[in-house]
Amino acid sequence: MENRNGLLVDAELTYPTGIAEREAAWAMLERMEGRHRITLEADKNYYTAAFVAALREIYVRSHVAQNNTNRRSAIDGRAIRHPDYGLSQKIRKRIEEVFGWAKTCGTMRKTRHRGQQRVGWSFTLTSAAYNLVRLPKLLAAT
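Residues numbered from 1 in each chain as written. Predicted model: local features only at pLDDT ≥ 70, side-chain atom pairs only at ≥ 80, totals over all residues. Heavy atoms only, no water.

Chemist: Requested: an account of the overall build of the protein, with residues and values cited.
Modeler: A tally of helices and strands in the protein yields 6 helices and 2 strands. Shown N-terminal to C-terminal, the secondary structure of the protein runs as helices and strands in the order α-β-α-β-α-α-α-α. Overall, the protein is about 45 × 40 × 30 Å in size when its C-alpha atoms are taken along their principal axes. Residue burial in the protein is summarised as follows: out of 142 residues, 30% are buried. Sequence-distant contacts, at least 24 apart, represent 50% of the contacts inside the protein between residues at least 6 apart. Accessible surface, the protein: about 10,000 Å² in total, of which carbon and sulfur atoms supply 54%. (Helix = DSSP H or I, 4+ residues; strand = E, 2+ residues; numbered from the N terminus. Buried < 20%, exposed > 50% of the residue type's maximum accessible area, 1.4 Å probe, protein only. Contact = heavy atoms within 4.5 Å. Areas by Shrake-Rupley, 256 points an atom, 1.4 Å probe, with all protein chains shown as cover.)

Chemist: Mind laying out the packing of aromatic side chains, listing which residues take part and the relevant values?
Modeler: In total, this model carries 3 aromatic pairs according to the counting rule given. Ring geometry for phenylalanine 99 and phenylalanine 123: centres 6.4 Å apart, planes at 10°, overall stacked. Highlighted residues: phenylalanine 99 in helix 5 (residues 93-104) and phenylalanine 123 in helix 6 (residues 116-141), separated in sequence by 24 residues. On the basis of relative accessible area, phenylalanine 99 is assigned to the partly exposed category, the value being 35%. (Phe/Tyr/Trp six-rings, centres within 6.5 Å; stacked < 30°, edge-to-face > 60°.)

Chemist: Give a detailed account of the pairing of strand 1 (residues 38-42), specifying residues and quantitative values.
Modeler: Side chains Ile38, Leu40 and Ala42 project from strand 1 onto a buried face, and the interleaved Thr39 and Glu41 project onto a face without burial. Here strand 1 runs beside strand 2 (residues 60-64); their pairing, made up of 5 bridges, is parallel. Pairing of alanine 42 across the sheet is with valine 64, part of strand 2. Remark: the strand 1/helix 2 (residues 49-57)/strand 2 crossover connection has right-handed handedness. (Pairing = 2+ DSSP bridges. Right-handed = clockwise from strand over helix to strand, strands pointing away.)

Chemist: Quick rundown of the environment of tyrosine 46? Include the residues and the values.
Modeler: Mapped onto the elements of the fold, tyrosine 46 is located in the loop between strand 1 and helix 2. The class of tyrosine 46 is buried, set by a relative accessible area of 17%. Note: C-alpha distance between tyrosine 46 and valine 64 (18 residues apart in sequence) is 6.7 Å.

Chemist: I'd like to hear about the confidence of the model for the protein, residue by residue, with values.
Modeler: Of the residues in the protein, 92% have a pLDDT of 70 or more, and the chain-wide mean is 82. Of all helices and strands in the protein, the one with the weakest mean pLDDT is helix 3 (residues 77-81) (68), whereas helix 6 scores best (91). (pLDDT = per-residue confidence, 0-100.)

Chemist: Describe a nonpolar patch on the surface, listing the residues and the values that go with them.
Modeler: Residues Leu132, Leu135 and Leu139 make up a contiguous nonpolar surface patch of about 310 Å² in total accessible area. The residue leucine 135 is located in helix 6 in this model. (Patch = residues over 30% accessible without salt bridge, like charges linked within 9 Å, V, L, I, M, F, W, Y side chains within 5 Å. Salt bridge = Lys/Arg side-chain N within 4 Å of Asp/Glu carboxyl O.)

Chemist: Now, about the side chain of asparagine 131: what can you tell me, with residues and values included?
Modeler: Mapped onto the elements of the fold, asparagine 131 is located in helix 6. According to the relative accessible area criterion, asparagine 131 is buried, its value standing at 17%. From its side chain, asparagine 131 meets the backbone nitrogen of leucine 8 in a polar contact 2.8 Å long. In contact with asparagine 131, not counting residues within four places along its chain, are Leu7 and Leu8. (Polar contact = N/O pair within 3.5 Å; in protein donor to acceptor, adjacent residues only side chain to side chain.)

Put into structure tokens, the structure is as follows:
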């Protein structure tokens, strides 16, 4: 998701294996064109030391939600102290709004299809529909 306007940039459907979300994030980062500064905002499932270190190697700023309950933080203090980190954690809830819209309006609560390829196609189409619904609101604001 692009944070300024709340438009979806990429979508990928995965099986819920526990690491599939991080693998999908890697795939999406590899598909991005250009070498501009990237910030990745993610929930606690992405909060592993290996994932954060790998993001740092490819110069991606990680704004991953901390999971420091009974553990040491995987993100160092300089990332957390940065003013953009707190702002990105507030904006991060927008992606959950997209999933809520997809379930209520986009027929993703109970899919009509079977198989990862067909459901993935439906998920991508629903994501594009969300952007089309969002565009008039953005154009009216300008």
